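# Observations on chain architecture
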Amino acid sequence: MKRRDFLAWIFKVTIGSWILGFVGSILSFIKFPKIEKEEFEKEIEIKGHENLKTGEAKFIPHLKEPLFLIKTEKGFVAISAVCTHLKCILEYNFENKRIDCPCHGAIFDLNGNPIEGPPKIPLKRYEVKERSGKVYVVLE
Amino acid sequence: MLSLNKIIFFPLKKYFIEILILINLLIQSLTGFLMLFYYIPSMEKGYESTIFIIRDVPLGYYFFNIHFWGAIFILILIILLIFKIIFYKLYHPPKEILWIFTFILFLLFSFAYFTGILLPMENNFYWQVERIMEILKEIPVLNSIYSFLFGNFIINKFVHIRFYIFHSFLIPSFIIFFLFLIFLNFEREKISPFYLHYLFILFLILFGILLTLSILFPFKISEIYEPFKTPKKIYLPFFLLPIYFLKIYLPKKIFGLIFLILNLLIFILPWVDKREPVPIYKNKISLSIFSLFIILIFLTGIFGFFKL
């Protein structure tokens, strides 16, 4: 390799790394930051559970994972309120003790299993912890 | 005397659809730019300011509705352009790059629709965005691009401001760039300042159509978005209905794969189809395949509509 070629090569590499760094820094700025982890806790405390009667449910409007807290005879049950078919928000049907989907008429039982309609995957269930009279739902 | 024949079969009739897209884009840019004066890009104020544009700003009602109908029109036009290129086999070398630009333009326009409908923060549109995200999640390459730009398929204030930036600045600039590249492929002798008045006439006609549509069938804006109450029926734009049909009837993983393969096949069409560039209507077999393809798209779209 001649000296002239070598210098030209170094010049190209310098310019190339400059451009790469420039594009890379812009892309790393544009890349969507991981905000969800900071914004959402793993455990949420549920308020107003004392007023629930057996068979009643409370809708918890959690932004990431909306869910129902249902009071059964055995205790509290937390079930996801998002349909597994196309992610519609479900409605709790108190009279028939089931969970209905407004979009395509799907029906889930209180254990989250699909009874009718297009969804085949059962609803996600969350662990419920009771500590000194307070109710917590463990997400994830 | 002006006659319809003269307007439609004007000297540039070879590029009729492309020019209509250009004029429609002009209308979209104008109405969109004017609405930027009043729109407040935030999740809380977005709905309020949209209502303000529609109700209180002079002519805001018309600008909003023309922008809405123009978006649907421009998507129809770009799909017609894709069909035209397939029909006349204009994708043959050395014009394969034209085909790719058109396809990218289609993706950009549909992405502009997707980002635009979130901005009013209106309930039906909000859930439309959620539903489109649900489809997007399953498509292998597109979902990683999406999550790079907009995160984890959740709508929050950061996503909203990004949608705003993309809709009002980034996508329009990319669209203008690719449209310019397509116009560079035109035959030079067909571009002449003597045809400018034809463009003006076309502009008036298109503007008239959009104005009529927006007066007769204005977009009925409903309540502010409710993230925890799904409406009974979530509508989708017409060009997504066939994809929605596939999404419903195919298992999760297969849907994304099939969609990606179909897209790739369309993308590399110039390199797959190496036959002589004879227009489709001159060959009975390719004509029947083409019409079958179109009928299939229509049927899946109609079935998808009834399954919404």
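Here we summarise the structure given alongside this text. (Residues numbered from 1 in each chain as written. Chains lettered and ligands numbered in written order. Predicted model: local features only at pLDDT ≥ 70, side-chain atom pairs only at ≥ 80, totals over all residues. Heavy atoms only, no water.)

### Describing the pairing of strand β1 (residues 43–46) of chain A
Residues and elements named next belong to chain A. Covered by surrounding structure in β1 are Ile-44 and Ile-46 only, the residues Glu-43 and Glu-45 on the alternate face being uncovered. Here β1 pairs with strand β10 (residues 134–138) via 4 bridges, running antiparallel. What sits directly across from Glu-43, in β10, is Val-138. (Buried < 20%, exposed > 50% of the residue type's maximum accessible area, 1.4 Å probe, protein only. Helix = DSSP H or I, 4+ residues; strand = E, 2+ residues; numbered from the N terminus. Pairing = 2+ DSSP bridges.)

### Brief notes about the side chain of Ser-49 of chain B
If you trace the backbone, Ser-49 of chain B turns up in helix α3 (residues 45–55). Other than its neighbours up to four places away in sequence, Ser-49 of chain B contacts Tyr-38, Tyr-39 and Ile-40 of chain B. (Contact = heavy atoms within 4.5 Å.)

### Some remarks on unusual backbone geometry
A positive phi is found at Ser-132 of chain A, a non-glycine position, where the angle reads about 45°. Among the secondary structure elements, Ser-132 of chain A is positioned in the loop between β9 (125–131) and β10. Residue Ser-132 of chain A is classed as exposed on the basis of its relative accessible area of 77%. Positive phi, close to 55°, is recorded for Met-121 of chain B, a residue that is not glycine. Residue placement: Met-121 of chain B occurs in the loop between α5 (96–116) and α6 (123–136).

### Brief notes about the interface of chain A and chain B
Residue-level contacts link 22 residues of chain A with 26 residues of chain B. Between chain A and chain B, a total of about 2100 Å² is buried, with carbon and sulfur atoms accounting for 63% of that surface. Broken down residue by residue, the surface that chain A buries against chain B is led by Phe-32, Leu-86 and Lys-87 of chain A, which jointly contribute 30%. A salt bridge links Glu-91 of chain A to Lys-229 of chain B; its shortest N-O distance comes to 3.9 Å. Taken together, the links from chain A to chain B amount to 6 residue pairs in polar contact (both at pLDDT 80 or more). With 3 residues, helix α1 (residues 3–30) of chain A is the largest single contributor of residues to the side of chain A that touches chain B. Within the side of chain A that touches chain B, the residues separate by chemical class into 15 nonpolar, 2 polar and 5 charged. (Buried area = accessible area lost by both parts, 1.4 Å probe. Salt bridge = Lys/Arg side-chain N within 4 Å of Asp/Glu carboxyl O. Polar contact = N/O pair within 3.5 Å; in protein donor to acceptor, adjacent residues only side chain to side chain. Nonpolar A, V, L, I, M, F, W, Y, C, P; charged D, E, K, R; others polar.)

### Notes on the pairing of β10 of chain A
Residue and element names in this part refer to chain A. By the criterion of burial, β10 is predominantly enclosed, with 4 of the 5 residues buried. In this sheet, β10 lies alongside β9 in antiparallel orientation, the contact comprising 5 bridges. Bridge pairing in β10 places Val-128 opposite Val-137.

### Some thoughts on the sheet that holds β1 of chain A
Residues and elements named next belong to chain A. One open sheet accounts for 6 strands, arranged β1-β10-β9-β4-β3-β2; its pairing is antiparallel. What marks the edges here is a single partner per strand, and that holds for β1 and β2 (57–60). Neighbour-to-neighbour, the strand axes of this sheet turn through a mean angle of 30°, independent of strand direction. (Axes fitted to C-alpha atoms, helices over the stretch in contact; angles between N-to-C directions.)

### Examining the state of the cysteines
Residues and elements named next belong to chain A. In this structure the tally under the stated criterion is 1 disulfide over all chains. The disulfide partner of Cys-88 is Cys-103, and the gap between their sulfur atoms is 2.1 Å. Handedness here is read from the sign of the S-S torsion; for Cys-88 and Cys-103, about -100°, the answer is left-handed. One end of the pair, Cys-88, is in the loop between β4 (76–80) and β5 (91–93); the other, Cys-103, is in the loop between β6 (98–100) and β7 (107–108), and 15 residues separate them in sequence. Both residues of the pair, Cys-88 and Cys-103, count as buried. Left without a disulfide partner, Cys-83 is nearest to the cysteine sulfur of Cys-101, which lies 3.8 Å away. (Disulfide = S-S within 2.5 Å.)

### Details of the pattern of salt bridges
Tallied over the entire structure, the rule returns 9 salt bridges over all chains. Here Glu-138 of chain B and Lys-247 of chain B are joined by a salt bridge, their closest N and O atoms 3.7 Å apart. Pair noted here: Glu-138 of chain B is in the loop between α6 and α7 (140–150) and Lys-247 of chain B is in helix α10 (residues 241–249), with a separation of 109 residues, a long-range link. Considered together, Glu-138 of chain B and Lys-247 of chain B belong to a single accessibility category, that of buried residues. Shared partners join several salt bridges into a network, and the residues in it are Glu-43, Lys-129 and Arg-131 of chain A.

### Describing the packing of aromatic side chains
All names here are of chain B. Tallied over the entire structure, the rule returns 45 aromatic pairs over all chains. Ring plane angle 85° and centroid distance 5.5 Å describe the contact between Phe-33 and Phe-37, whose orientation is recorded as edge-to-face. This pair shows no difference in class: Phe-33 is exposed, exactly as Phe-37 is. Seen from their ring centres, Tyr-39 and Tyr-164 are 5.7 Å apart, and the 35° between their planes marks the pair as tilted. One end of the pair, Tyr-39, is in the loop between α2 (16–36) and α3; the other, Tyr-164, is in helix α8 (residues 157–184), and 125 residues separate them in sequence. With relative accessibility at 11%, the residue Tyr-39 sits in the buried group. Overall, the relative accessible area of 18% leaves Tyr-164 in the buried class. (Phe/Tyr/Trp six-rings, centres within 6.5 Å; stacked < 30°, edge-to-face > 60°.)

### Describing the packing of α2 of chain B against helix α4 (residues 60–87) of chain B
Residue and element names in this part refer to chain B. Put simply, α2 and α4 touch, their axes get as near as 9 Å, and they point 155° apart. Regarding the angle of α2 to α4, the classification is roughly antiparallel. The two elements α2 and α4 meet at a crossing, and its hand is left-handed. For the contact of α2 with α4, a count of residues per class yields 17 nonpolar, 6 polar and 2 charged. (Parallel < 35°, antiparallel > 145°, perpendicular 65-115°, else oblique. Left-handed = near helix turned anticlockwise from the far one by under 90°.)

### Quick notes on the nonpolar core
Counting residues in each nonpolar core, the largest one holds 114 residues, and the members touching the most others are Ile-99 of chain A together with Ile-21, Ile-78, Phe-109, Tyr-146 and Phe-163 of chain B. When near neighbours in sequence (up to four residues on either side) are disregarded, Ile-21 of chain B contacts Ile-74, Leu-77, Ile-78, Leu-81, Phe-109 and Leu-179 of chain B. (Core = buried A, V, L, I, M, F, W, Y, C linked by side-chain atoms within 4.5 Å.)

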